[in-house]
Amino acid sequence: MSKHRSRTLGERTLAPETLMMGFGYDPTLSEGSIKAPIFQTSTFVFKSAEDGKRFFEVAYGLRQKEPEEALGLIYSRINNPNLEILEDRLAVWDAADKALVFSSGMAAISTTMMALSRPGDVIVYTAPAYGGTEYLFDRILPRMGVRTVSVADCDGGEALAAAIRSASAEAAANGGRLAAVYVETPANPTNQLIDLQAAAACIRDLGLAEPPLLVVDNTFLGPLWQKPLQHGADLVLYSLTKYVGGHSDLIAGACLGRADLMARVGEMRTICGTITDPHTAWLLMRSLETLHIRMERSQANARTLVSRLRGHPKIEAVLDAGGAEASASQQALFARQCSGAGSTFSLRLKGGEAEAFRMLNALQLFKLAVSLGGTESLVSHPSSTTHSDYSPEAKARCGIGDNLVRLSVGIENADDLYADLERALAAV
Ligand SMILES: *Cc1c(COP(=O)(O)O)cnc(C)c1O
C-alpha cells in the first residue's frame, strides 16, 4: 500500500490526529505541495473514452468498483480530489467505511433521510432536535408521504422503545415500514442523552428482515467524545459547521457509515447536488489538523466554567451532558456512551426572560450568536431564537424555558471567560 494510504507504522496503528496531516494525499501528484492544492474545477479530463465509460459505470451503480480499481475523477458534483481526501480523513475518526461531505449539516440530514425513505414509510425521531431537523421531519417529509413521529422525554429509554414498537406495528398494518429511527444526542439545548445501545437493541428485537436504520446526529460530541457506530448506530451525521470546521467560517455537513448504506446516500447526493465545494473541503482539511487540540481545550475550559458556575446564587441548574445535576440514569449512560462532555452546556437562571436577557446583554467576551463549536465563545437564548417556533407545550415538554441560556465555550483563557460570566451574572 502506498505510504499516504497507510494507517500503520510498522506494527503500530496510527492515531487519527497523526493521520490528519497526510492521510489520503500523495504530494507527488501535486508538484510536491505539502498541502493539497484546491482543485477549483468543475470537470476532469478523461485519458481515454474507455476510462470515461468505466468511471460512469461505477458512479451510476451499473457495477461495483473492483477492490484495487481507482475510481476516476469525473465532475465536481460527483467527486473532486479535495472532497475525496477530506472524506477519507473524516471516516478515520468514526472508523466508518465511508464518509460523504455535503454543503451543510441540513444538506447531509435531508439528503440522507430522503435516500432512506419512500412514501408510506414512518420515521421516529427524538425531541428536542435541531430546529432545521425538526422542520424537515415535522413539515417537509410528511409532504412527501413519509409519516414522522416525535418522541420527547427519552430519559431511561422506555418512551423511545415504546414509540419504535408502536410505529413499526402501525406501519406494517398499513403496508408500510418503519424506515429509520433518528436520534440527536446530546439533545440541544438541554444536553439530555439518549441511549443508543438500548435503541439498537429495541430495533433488533423487532425481528424484521429489513430493520429500521438507526441514524445519529453526532454534532455536539463527535467525533472525539462520542462514537455512535460503536454503539449500534448505522449512520452518523454531522454539521461540520460546528466543531469540525471549528472557526465559524464555513457551512458544511457529513454522513458516515457502512459502504452499502453510503452508496444509497451517495446516489441521492449526486442527483440532488448537495455536495460541498473544493474550497470549503480544503478549509475543513485545515480544520481537521487541529480538531483534537481545539476540542480538548474548549472542553477543559467548559469543565472549569461548569465547576465554578454550579451553585452560583443566580443559577438554578447547570445542564451539561451526564453532569452532577443530571439523573443517576443519565450519569450512568454518559459513562457508557461518551468519553467527554464537550463544551456546549446550558444554564437555567433563577427568573425568566428578563433575567436571561440582562445576562446576555451584559456579556462581552461571549458573543451573542447562534451556532457553536468555534474557537470563540458564544451565548444564545434558545427559547426566543433557535427554538422559538416550538409551541409552549413543546417547550415545556423539552425543558426549554425562558430562563435557559446556552453557552458554547471556545479556546480563550478560562479565567477571562469566567470573569465575563461573573460580571454578567452580577448584572442579572
Ligand atoms: C447546526 C446543526 C445542524 C445543522 O447544520 P448546518 O450546517 O447549519 O446546516 C444540525 N444538527 C445540529 C445538532 C446542529 O447543531
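Residues numbered from 1 in each chain as written. Predicted model: local features only at pLDDT ≥ 70, side-chain atom pairs only at ≥ 80, totals over all residues. Heavy atoms only, no water.

## What to know about the state of the cysteines
Alright, step 1. In total, this model carries 0 disulfides according to the counting rule given.
Alright, step 2. Sulfur of Cys255: no disulfide; nearest cysteine sulfur belongs to Cys272 and is 13 Å away. (Disulfide = S-S within 2.5 Å.)

## Quick word on the sheet that holds strand β13 (residues 378–380)
Alright, step 1. Read across the open sheet, the 5 strands follow the order β10-β11-β14-β13-β12; overall the sheet is mixed. Strand pairing shows two members of the sheet lacking a second neighbour, β10 (315–319) and β12 (367–368), which therefore form its edges.
Alright, step 2. Pairing between β10 and strand β11 (residues 344–349): 4 bridges, direction antiparallel. Of the residues in β11, the one forming a bridge with Ala317 is Arg348.
Alright, step 3. Contacting β10 and β11, helix α9 (residues 278–309) crosses the sheet at an angle of about 15° to β11. (Pairing = 2+ DSSP bridges. Helix = DSSP H or I, 4+ residues; strand = E, 2+ residues; numbered from the N terminus. Contact = heavy atoms within 4.5 Å. Axes fitted to C-alpha atoms, helices over the stretch in contact; angles between N-to-C directions.)

## Remarks on the environment of His381
Alright, step 1. Locating His381 in the fold gives a position in the loop between β13 and α12 (392–398).
Alright, step 2. For His381, a relative accessible area of 3% gives the class buried.
Alright, step 3. A C-alpha to C-alpha distance of 8.3 Å links His381 and Asn403, two positions 22 residues apart in sequence.
Alright, step 4. Excluding residues within four positions of it along the chain, His381 makes contact with Glu353, Ala356, Phe357, Leu360, Asp402 and Leu404.
Alright, step 5. From its side chain, His381 meets the backbone oxygen of Asp402 in a polar contact 2.8 Å long. (Buried < 20%, exposed > 50% of the residue type's maximum accessible area, 1.4 Å probe, protein only. Polar contact = N/O pair within 3.5 Å; in protein donor to acceptor, adjacent residues only side chain to side chain.)

## Comments concerning the site of the ligand
Alright, step 1. Lining the immediate environment of the ligand, one finds 13 residues, of which Met106, Asp217, Ser239, Thr241 and Lys242 sit closest.
Alright, step 2. Between the ligand and Ser239, the relevant distance is 2.9 Å, taken from an oxygen atom to a side-chain nitrogen or oxygen of the residue.
Alright, step 3. Within the side chain of Thr241, a nitrogen or oxygen atom sits 2.6 Å from an oxygen atom of the ligand.
Alright, step 4. Starting from 380 Å² of accessible surface for the ligand in isolation, the protein chains cover 94%.
Alright, step 5. Split by residue class, the shell around the ligand holds 5 nonpolar, 5 polar and 3 charged. (Near = heavy atom within 4 Å. Areas by Shrake-Rupley, 256 points an atom, 1.4 Å probe, with all protein chains shown as cover. Nonpolar A, V, L, I, M, F, W, Y, C, P; charged D, E, K, R; others polar.)

## Some thoughts on the domain arrangement of the protein chain
Alright, step 1. According to the domain assignment, the protein chain consists of domain 1 (42–75), domain 2 (81–288) and domain 3 (292–426).
Alright, step 2. When each unit is reduced to the centre of its C-alpha atoms, the spacing between domain 1 and domain 3 is 48 Å. (Domains from an automatic or database assignment.)

## Describing helix α5 (residues 131–143)
Alright, step 1. For α5, built from 13 residues, the straight-helix expectation of 18 Å at 1.5 Å per residue is met to within 8% by its first-to-last C-alpha distance of 18 Å.
Alright, step 2. Along α5, the sharpest change in direction is near 35° and occurs at Phe137.
Alright, step 3. Within α5, burial applies to Gly131, Thr133, Glu134, Leu136, Phe137 and Leu141.
Alright, step 4. On the buried face of α5, the contacting elements are α4 (105–116), β4 (122–126), β5 (147–151) and β6 (178–184).
Alright, step 5. A positive backbone phi angle near 85° is found at Gly145, which sits one or two residues after α5. (Expected span 1.5 Å × (residues − 1). Bend = angle between axes of the 7 residues up to and from the residue.)

## What about helix α7 (residues 196–205)?
Alright, step 1. Within α7, the full set of buried residues consists of Leu196, Ala199, Ala200, Cys202 and Ile203. Buried residues in α7, looked at end-on, bunch into an arc of 160°, giving them a common side. Exposed and oriented more than 90 degrees from the buried face of α7 are Arg204 and Asp205.
Alright, step 2. Next to the buried residues of α7 lie α6 (158–173), β6, β7 (213–217) and α10 (328–337).
Alright, step 3. Capping of α7 at its N-terminal end is provided by Asp195; its side-chain oxygen lies 3.2 Å from the backbone amide nitrogen of Gln197. (Arc of directions from axis to C-beta.)

## Quick look at unusual backbone geometry
Alright, step 1. With omega at 0°, the peptide bond leading from Ala127 into Pro128 counts as cis.
Alright, step 2. Within the secondary structure layout, Pro128 lies in the loop between β4 and α5.
Alright, step 3. The peptide bond linking Gly222 to Pro223 adopts the cis configuration, its omega dihedral lying at -5°.
Alright, step 4. In this fold, Pro223 is placed in the loop between β7 and β8 (235–239).
Alright, step 5. With a phi close to 60°, Glu31 is a non-glycine residue in the positive phi region.
Alright, step 6. The class of Glu31 is exposed, set by a relative accessible area of 83%.

## Concerning the layout of surface pockets
Alright, step 1. If you add up the space inside the largest pocket, you get close to 2200 Å³.
Alright, step 2. The wall of the largest pocket is formed by 49 residues, among which Lys65, Ala70, Leu71, Glu84 and Lys98 lie closest to the centre.
Alright, step 3. Mapped onto the lining of the largest pocket, the elements with two or more residues apiece are α2 (49–59), α3 (81–94), β3 (98–102) and α8 (259–272).
Alright, step 4. Broken down by element, the residue count for the lining of the largest pocket peaks at 9 residues, all from α8.
Alright, step 5. For the lining of the largest pocket, the per-class residue count stands at 24 nonpolar, 9 polar and 16 charged. (1 Å grid on protein atoms, 1.4 Å probe; cavity = no way out; pocket = protein on both sides within 12 Å on 5 of 7 lines; lining within 4 Å. Points joined across faces, edges and corners; volume = space filled by probe spheres on them.)

## Here we look at the pattern of salt bridges
Alright, step 1. A full pass over the atoms with the stated rule returns 19 salt bridges.
Alright, step 2. The salt bridge partner of Asp88 is Arg5, with a shortest N-O separation of 2.7 Å. Here Asp88, found in helix α3, pairs with Arg5, found in the segment before β1 (8–9); they are 83 residues apart in sequence, far enough to count as distant.
Alright, step 3. The residue Arg310 makes a salt bridge to Glu325 at a minimum N-O spacing of 2.7 Å. Of this pair, Arg310 sits in the loop between α9 and β10 while Glu325 is found in the loop between β10 and α10, placing the two residues 15 residues apart along the sequence.
Alright, step 4. Classification of Glu325 as partly exposed rests on a relative accessible area of 40%.
Alright, step 5. Overlapping salt bridges, with partners in common, bring together Arg303, Arg310, Asp320 and Glu325 in one network. (Salt bridge = Lys/Arg side-chain N within 4 Å of Asp/Glu carboxyl O.)

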